[in-house]
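Next come the chains, spelled out residue by residue.
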Amino acid sequence: MRAEVIADPTSESRLARFAIILLSVAFLAFFLILPLGAVFVEALRKGLETYFESFSDPDTISAIELTVLVAAIAVPLNVVFGLAASWAIAKFDFRGKSFFVTLIDLPFSVSPVVSGLCYVVLFGAQGYFGPWLAAHDLQIIFALPGIVLATVFVTFPFVARELIPLMQEQGTSEEEAALSLGAGGFRTFWSVTLPNVRWALLYGVLLCNARAMGEFGAVSVVSGHLRGLTNTVPLQVEILYNDYNFVAAFAVASVLAGLGLVTLAIKSGLEWRYGDEMSSAHRR
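As a starting point, this report considers the structure included with it. Just so it is clear, the structure is predicted and the values come from calculations on it, not from any experiment.

## Topic: the side chain of asparagine 231
Thinking step 1. Considering the arrangement of structural elements, one finds asparagine 231 in the loop between helix H12 (217-223) and helix H13 (233-242).
Thinking step 2. Note on asparagine 231: relative accessible area 1%, which makes it buried.

## Some details on the layout of surface pockets
Thinking step 1. The calculated volume of the largest pocket comes to roughly 170 Å³.
Thinking step 2. Taken together, Val120, Phe123, Gly124, Ala125, Gly130, Leu133, Ala134, Leu138, Gln139, Ile140, Ile141 and Phe142 make up the full set of residues lining the largest pocket.
Thinking step 3. Elements with a contribution of two residues or more to the lining of the largest pocket: helix H6 (112-123) and helix H7 (130-135).
Thinking step 4. In terms of residue count, H7 provides more of the lining of the largest pocket than any other element does, three residues in total.
Thinking step 5. Considering only residue class, the lining of the largest pocket consists of nine nonpolar, three polar and no charged.

## Let's talk about the environment of tyrosine 51
Thinking step 1. Here tyrosine 51 is to be found in helix H2 (residues 48-53).
Thinking step 2. C-alpha of tyrosine 51 to C-alpha of tyrosine 241: the two residues are 190 residues apart in sequence and 15 Å apart in space.
Thinking step 3. Filtering out sequence-adjacent residues up to four positions away, tyrosine 51 remains in contact with Ala43, Leu44, Ala251 and Ser254.
Thinking step 4. Here the side chain of tyrosine 51 touches serine 254 through a polar contact of 2.8 Å, side chain to side chain.

Cut-off values and rules
Position numbers for residues start from 1 in each chain and track the written sequence from start to end. The predicted origin of the model limits local features to residues at a pLDDT of at least 70 and limits the giving and counting of side-chain atom pairs to 80 or more, whereas totals for whole chains, interfaces and linings rest on all residues. Heavy atoms from the whole structure form the basis of all side-chain values; hydrogens and water molecules are not counted. Labels follow the DSSP assignment, with helices taken as runs of H or I lasting at least four residues and strands as runs of E lasting at least two, numbered in each case from the N terminus. Buried means the residue's accessible area, taken with a 1.4 Å probe over protein chains only, is under 20% of the maximum for its type, while exposed means over 50%, and partly exposed covers the values in between. Note on definitions: the grid is 1 Å and covers protein atoms alone; a cavity is a set of points where a 1.4 Å probe fits but cannot get out; a pocket is an open set with protein on both sides within 12 Å along at least five of seven lines; lining residues have an atom within 4 Å of a point. Grid points are joined across faces, edges and corners, and a volume is the space filled by probe spheres set on the points. When residue character is reported, Ala, Val, Leu, Ile, Met, Phe, Trp, Tyr, Cys and Pro are called nonpolar, Asp, Glu, Lys and Arg charged, and the others, Gly included, polar. Contacts are assigned to residue pairs that have any heavy atoms within 4.5 Å of one another. Identification of polar contacts relies on pairs of N or O atoms within 3.5 Å, with a donor-acceptor requirement for protein atoms, meaning one able to donate a hydrogen and the other able to accept it, and with residues adjacent in sequence counted only if both atoms are side-chain atoms.

Right, dumping it as C-alpha cells:
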C-alpha cells in the first residue's frame, strides 16, 4: 500500500521564497538603508575636515550638550519607573492592573506634538499653573525642565515594555524562595530579580536613550527654539537645514543616525550572546 505524502501547508516553492525575500530586502534597502546611507554621504561630501568643522559651531556644541543632559536625566527616571511598573504588574495583583498596562502604552499612540502641547497647557504662561510659576519665578516651558518632561513622556514605555513580559514569564517563585530564606525585599530584588532581567533592562535603556536623544516633536513644542539655549540636536539639524547649511545639517544628523546604528549593533550583540533571555523579553 502506497503511503500518501501529505504536503506541508506552510511550504512554498523556491521561486516564491526567493520572491518574498527579494521583496523584503528591496523594501529595507529603499526605505531604510538608502536614506541612512544618503545622510552619511552628504555629511562627508566635502571631506572629513569640513565634517568635523561642522561641530565647532557654538550653537551645535550647546545642542549636543543639552541633548546629552536631557538624556542623562530622562533615562534614569524611566529606568526607575520601568522597574517599579514591571515589578508591580508582574508580581502583584491589584484592581485596575490591565488599565495601568494600557496607560504605559499611551505615548505610543499619542502624537509627540500632542504630548508637548499637554505641558504647554499645564505650565505655559497662559496655562493652568502658569501664573503660579511666574509668581514664584519658575520656568518650565522654554527651559530645561519642560524639555525633560516632554522627553520622559515620549520615552517612558520603552524600559517597562521590555521588562514586563520577562518578569511575568519568570513568575514569583525565586523571590518567594529568597524571602523564605530570610532575604529582605531590597536584597531579593538586587540578588534575584535584577540579575534575571539585566539584559532586557539594558536593551530597554538603549532604546530609551536613542529615542530621548532623537526626539523632535514634543521637544520642538516646549523648547521655544532658543538658539544656544533650548535647541537639542534634532532641532539644531532643522535650523541648519533651513539656513541652507546642508553639510553641517547632515553632519549633525549623522550623529543621530550613528547613534541608531550603534544601538542596533549592541542589540544584535546582546541577542547573539544572550539569545534565550532576550527572546523571552520580547515575547508578547
